[in-house]
There are 2 protein chains.
Amino acid sequence: MATIKDVAKAAGVSVATVSRVLNTSENVRPDTVEAVQRAIEELDYHPNFLGRTLRRLETMKILVIVPTISNQFYSRVIRGIQSVAHQNGYHVMLAITESGLDSEQEYVQMAQRKLVDGIIFLHSTLEPERINELADSCPVVCANEYIPHTKLSVVSIDNVQAGYDATSFLLENGHRSIAFVSASSLYSSSALRRDGYLKAMAEWGISAEESWFLNEGLTFKAGRRAADRLLQMENLPDAVFAASDSAAIGLISALSGHGIQAGKDISIMGFDNNQIAEYYIPALTTVSQPQMEIGQKAMELLINKIQNPSCEPQRVTLPHRLEIRASVRLAPSRPAREKERKIHP
Amino acid sequence: MATIKDVAKAAGVSVATVSRVLNTSENVRPDTVEAVQRAIEELDYHPNFLGRTLRRLETMKILVIVPTISNQFYSRVIRGIQSVAHQNGYHVMLAITESGLDSEQEYVQMAQRKLVDGIIFLHSTLEPERINELADSCPVVCANEYIPHTKLSVVSIDNVQAGYDATSFLLENGHRSIAFVSASSLYSSSALRRDGYLKAMAEWGISAEESWFLNEGLTFKAGRRAADRLLQMENLPDAVFAASDSAAIGLISALSGHGIQAGKDISIMGFDNNQIAEYYIPALTTVSQPQMEIGQKAMELLINKIQNPSCEPQRVTLPHRLEIRASVRLAPSRPAREKERKIHP
DNA sequence: TCACCTCCTGTAATCGGTTACATCTCCATA
DNA sequence: TATGGAGATGTAACCGATTACAGGAGGTGA
């Protein structure tokens, strides 16, 4: 492996000059530049960035902590993060905590050990106290989930409003008994959507029954478990509002196995607008989130924080949208043209 | 930020002693250890790993180059890679090339600049020549896809056999005109599956028509495009073998919009056995790949290559399996119990 | 008491770059 | 001709760790 010294020797200049050529900086005579470049070529020299990194004390890497990448929601947010990261010369490292192999704590240490310049949490199970500690020593931004008792920048939709809008839509279309599938204890977003759900129900004077809360989780399997519980009820609800598309699909699939058709015998509302929602049969009515933008904005905030550590945390709310498809039965009176509603926070 | 010097000063010892304590190595007096640890605690010192990395010239990071993470196939392979990486103290960086933002070439430079210790390709668009060049200067392993004219270790299923098995299954169940949806020009796996398809067709004395090859790609949208082309044909084929579950689902969804039901009016075979295959309506008959194991094995080979650079490239073939569900109509004669077949390469 | 060994600790080189500062050359201007 | 300044280049400190080597303290055996 050739080093900068080898190049300097081959070109008959000092390492400083080679470094200047590499960084295309000022004041090097054109023929010197040429000589250095020839030496670089001849030796097939590739600068070792660790040296630079150590000197400059910046890694140009950021860490994204994500519960899973199997869910398209996260992969889209990550794409948004990546696009802005790349524009600014950053590389993205992914910490997938789902497997439980790498504890979050372990990844957080990477930041403390200066292996990355900042962290974006798409979800966290750490205590707020630890996160605050971390945020003192390293730029941190949250996307999608809000972590209580922390002073971090957060990017997300207005989950309360989104839950409210989804539930209102079901109510407006004649549904009265509405179950709610979520993971409220794990995800703040789920809890907030539930608040919106409750608000809408209250406005219509309906008190939600205890059994309607199916806190099974957000995965396909969670949806299946929720279906099992629904099937044991005396009266099937009119509708189910699931806090993720995966859960909604697990639900529809399981109910269909018992001859209950979504969009006909029962209405199902999802959340996220994953690509599969459009391709599922029946196509899934769901709440669309601007995933790419969430990621992009989060990365922008992080870069801002890296470059200007003393800046105040920000709260960015992006618009969501109801995506109306076939899995929710519409009231006959409802005008057909109203296929979409845009709600700006 | 406290450095090792600060700790040394605070503990009244030299940096060498602190380093020895940190690396729990030999010969430090217990009370010295204690003093150092107290200083570490007091100063809230976290070692900066860049220093160590530079000195040891190993990053303990590996790069995974992946076309997309939206497809569950890849996210599972990545999980497999991560699990083995973690067991061996490595961290995983992800390079997602789908966006087209970061060119593969750019990521490959990360290896040459010693920012990572090795690379796993899950797919590549680089010329074989470049890859060979890269492999000379850095440990490289391929998973899933075979890159022709290269001497790299590869982990995958036997794609020819898998294509053959899937097609044979369709033929055995009475299907004769069988279209094939793939991305043969982009993915070697697709091309190999096509070879298997052709082999099976030939064995049954059927010459595939030109129009049956729908080289639209592997995404949902690709499936939809394939459906459009099918619908323009004079005679709809009996069955379609798609080289990915996503394409199969795009296909089913689009056909269903025209009143054509998969599993009844036409048979659809997918590939990958993503989770959605089980939850789709109709549930998708597909070829299951051991994704986790592919990832695990690839990482094992890479670690082996890192620790022993002169070792010979290996070719590892893992078993696939036909997952029989509802999207393929079975011949009436077919015994119901034979729901699954395991094929070992 | 001396030589020698073991155990512990410190000094300084090193990894591969970047960069502040010094130095030198050359040319323009007074 | 002397002076000053701009531009090009070199020297060496530095980033934060690891580690080879040197050396000192203390114990053991002759």
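Residues numbered from 1 in each chain as written. Chains lettered and ligands numbered in written order. Predicted model: local features only at pLDDT ≥ 70, side-chain atom pairs only at ≥ 80, totals over all residues. Heavy atoms only, no water.

Q: Sorry, what's going on with the pattern of salt bridges here?
A: As enumerated under the stated definition, the model contains 16 salt bridges over all chains in all. Between Arg29 of chain B and Asp31 of chain B there is a salt bridge; the shortest N-O distance is 3.0 Å. On the accessibility criterion, Asp31 of chain B (44% relative accessible area) is partly exposed. Residue Arg130 of chain B is joined to Glu133 of chain B by a salt bridge in which the shortest nitrogen-to-oxygen separation is 3.4 Å. Of this pair, Arg130 of chain B and Glu133 of chain B both sit in helix H7 (residues 128-137), 3 residues apart, which is roughly one turn of that helix. By sharing partners, the salt bridges in this structure join Glu216, Arg225 and Arg229 of chain A into a single network. (Salt bridge = Lys/Arg side-chain N within 4 Å of Asp/Glu carboxyl O. Buried < 20%, exposed > 50% of the residue type's maximum accessible area, 1.4 Å probe, protein only. Helix = DSSP H or I, 4+ residues; strand = E, 2+ residues; numbered from the N terminus.)

Q: Looking at this structure, how should I read the packing of helix H5 (residues 72-87) of chain A against helix H13 (residues 291-307) of chain A?
A: All names here are of chain A. The geometry of H5 relative to H13 is characterised by a closest axis approach of 7 Å and an angle of 45° between their N-to-C directions. By the angle between their axes, H5 is oblique relative to H13. Crossing handedness for the pair H5 and H13: right-handed. Of the residues in H13, those touching H5 at Phe73, Arg76, Val77, Arg79, Gly80, Ile81, Ser83, Val84 and Ala85 are Gln291, Met292, Ile294, Gly295, Gln296, Met299, Glu300 and Ile303. Taken together, the residues that form the contact of H5 with H13 break down as 9 nonpolar, 5 polar and 3 charged. (Axes fitted to C-alpha atoms, helices over the stretch in contact; angles between N-to-C directions. Parallel < 35°, antiparallel > 145°, perpendicular 65-115°, else oblique. Left-handed = near helix turned anticlockwise from the far one by under 90°. Contact = heavy atoms within 4.5 Å. Nonpolar A, V, L, I, M, F, W, Y, C, P; charged D, E, K, R; others polar.)

Q: Could you clarify how one ought to interpret the pairing of strand E1 (residues 61-66) of chain B in this entry?
A: Consecutive side chains along a regular strand alternate between the two faces of the sheet. Residue and element names in this part refer to chain B. Across the 6 residues of E1, 6 count as buried, placing the element largely inside the fold. Here E1 shows a buried face lined by Lys61, Leu63 and Ile65 and a second buried face lined by Ile62, Val64 and Val66. The sheet contact formed by E1 and strand E2 (residues 91-96) spans 6 bridges and is parallel. The residue bridging Ile62 from the neighbouring strand is Val92, located in E2. Read from E1 through helix H5 (residues 72-87) to E2, the crossover connection turns out right-handed. The pairing of E1 with strand E3 (residues 118-121) spans 4 bridges and is parallel. Within E3, the position partnered with Val64 by the bridge is Ile120. (Pairing = 2+ DSSP bridges. Right-handed = clockwise from strand over helix to strand, strands pointing away.)

Q: Explain the protein's contact with DNA strand D here, please?
A: Around DNA strand D, the structure places 26 residues, and the nearest of them are Thr32 of chain A together with Ile4, Ser19, Asn48 and Arg55 of chain B. When the atoms of DNA strand D within 4 Å of the protein are sorted by group, sugar and phosphate make up 67%. Measuring from a phosphate oxygen of DNA strand D, one finds a backbone N or O atom of Ser14 of chain A at 2.8 Å. Asn27 of chain A places a side-chain nitrogen or oxygen 3.3 Å from a phosphate oxygen of DNA strand D. The greatest single-element share of the surface near DNA strand D, amounting to 5 residues, is contributed by helix H4 (residues 49-56) of chain B. Among the residues making up the surface near DNA strand D, the classes are represented as 10 nonpolar, 10 polar and 6 charged. (Near = heavy atom within 4 Å. Polar contact = N/O pair within 3.5 Å; in protein donor to acceptor, adjacent residues only side chain to side chain.)

Q: Explain the packing of aromatic side chains here, please?
A: Residue and element names in this part refer to chain A. Counting across every chain of the model gives 13 aromatic pairs over all chains. One aromatic cluster in this structure is built from Phe180, Tyr197, Phe213, Phe241 and Phe271. Just above the ring of Phe271 sits the side chain of Arg193; from NZ or CZ to the centre is 3.6 Å. (Phe/Tyr/Trp six-rings, centres within 6.5 Å; stacked < 30°, edge-to-face > 60°. Lys NZ or Arg CZ within 6 Å of the ring centre and 35° of its normal.)

Q: Would you explain the domain arrangement of chain A in this entry?
A: Interface size is often expressed as the accessible area that is lost when the parts come together. Here the domain parsing of chain A yields domain 1 (4-50), domain 2 (61-157 + 291-319) and domain 3 (159-289 + 322-343). Inter-centroid distance (C-alpha atoms) of domain 1 of chain A to domain 2 of chain A is 37 Å. (Domains from an automatic or database assignment.)

Q: Would you take a moment to explain the relation of the copies chain A and chain B for this structure?
A: Each of the two copies of the chain can be brought onto the other by a rotation about an axis and a shift along it. Mapping chain A onto chain B calls for a screw motion: a turn of 180° about the axis and a shift of 0.0 Å along it, with 0.2 Å RMSD after fitting. This pairing of chains is accounted for by a two-fold axis. When each C-alpha of chain A is compared by its distance to the rotation axis, Met93 of chain A comes out closest, at 2.4 Å. With an isologous cut-off of 70% or more, the 100% of interface residues of chain A that recur at the interface of chain B puts this contact in the isologous class. (Least-squares fit on C-alpha atoms with pLDDT ≥ 70 in both.)

Q: I would appreciate a short explanation of the protein's contact with DNA strand C in the present structure.
A: Taken together, 26 residues form the shell around DNA strand C, and within it Ser19 and Arg55 of chain A together with Thr17, Thr32 and Arg55 of chain B come nearest. Atoms of DNA strand C within 4 Å of the protein: sugar and phosphate make up 66%, bases the balance. Within the side chain of Asn23 of chain A, an N or O atom sits 3.4 Å from a phosphate oxygen of DNA strand C. Within the contact set of DNA strand C, a phosphate oxygen lies 2.9 Å away from a backbone nitrogen or oxygen of Arg29 of chain B. Of all elements in the fold, only helix H2 (15-22) and helix H4 (49-56) of chain A together with helix H2 (15-22) and H4 of chain B reach the threshold of two or more residues within the surface near DNA strand C. Per element, the largest residue contribution to the surface near DNA strand C is 4 residues, and it comes from H4 of chain A.

Q: I'm lost on the interface of chain A and chain B in this one. Help?
A: In this complex, chain A contributes 50 residues to the contact, which on the side of chain B involves 50 residues. Of the roughly 5300 Å² buried between chain A and chain B on both sides combined, carbon and sulfur atoms contribute 63%. Arg224 of chain B is paired through a salt bridge with Glu278 of chain A; the nearest N and O atoms lie 2.6 Å apart. Contributions of two or more residues to the side of chain A that touches chain B are made by H4, H5, strand E2 (91-96), helix H6 (104-112), helix H10 (220-231), helix H11 (245-256) and helix H12 (275-279) of chain A. For the side of chain A that touches chain B, the element with the most residues is H5 of chain A, which contributes 7 residues. In terms of residue class, the side of chain A that touches chain B is made up of 23 nonpolar, 17 polar and 10 charged. (Buried area = accessible area lost by both parts, 1.4 Å probe.)

Q: Teacher, can you tell me more about the sheet that holds strand E6 (residues 178-181) of chain A here?
A: For sheets, the rule is that strands pair by backbone hydrogen bonds, running either parallel or antiparallel. All names here are of chain A. Within the open sheet, the 4 strands sit side by side as E7-E6-E8-E9. Their pairing is parallel. This sheet does not close on itself; its edge strands, each paired only once, are strand E7 (213-214) and strand E9 (267-269). Pairing between strand E8 (residues 239-242) and E9: 3 bridges, direction parallel. Residue Ala239 lies in a different strand from E9, and its bridge partner there is Ser267. Sheet strands in contact with helix H8 (residues 159-172) are E6, E8 and E9, and its direction is about 165° off that of E8. Against the sheet, H11 makes contact with E6, E8 and E9, and its axis sits at roughly 160° relative to E9, the strand it touches most.

Q: Whenever I open this one, the nonpolar core confuses me. Can you help?
A: Across soluble globular proteins, nonpolar side chains have a tendency to be buried as a group. With 96 residues, the main nonpolar core has Ile268 of chain A together with Ile268 of chain B as its most contacted residues. Those residues in contact with Ile268 of chain A, other than ones at most four positions away along the chain, are Val240, Ala248, Leu251, Ile252, Leu255, Ala262, Leu284, Thr285, Ser327 and Val328 of chain A. Core analysis: the second largest hydrophobic core is formed by 65 residues, Val64 and Tyr74 of chain A together with Tyr74 and Leu122 of chain B among them. (Core = buried A, V, L, I, M, F, W, Y, C linked by side-chain atoms within 4.5 Å.)

Q: Sorry, what's going on with unusual backbone geometry here?
A: Most peptide bonds take the trans configuration, and most residues that are not glycine carry a negative phi. In this chain, Ile281 of chain A is followed by Pro282 of chain A through a cis amide linkage whose omega measures 0°. In this fold, Pro282 of chain A is placed in the loop between H12 and strand E10 (286-288). Positive phi, normally seen in glycine, also occurs at Asp44 of chain A, with a value near 50°. Considering the arrangement of structural elements, one finds Asp44 of chain A in the loop between helix H3 (30-43) and H4. Positive phi, normally seen in glycine, also occurs at Asp272 of chain B, with a value near 120°.

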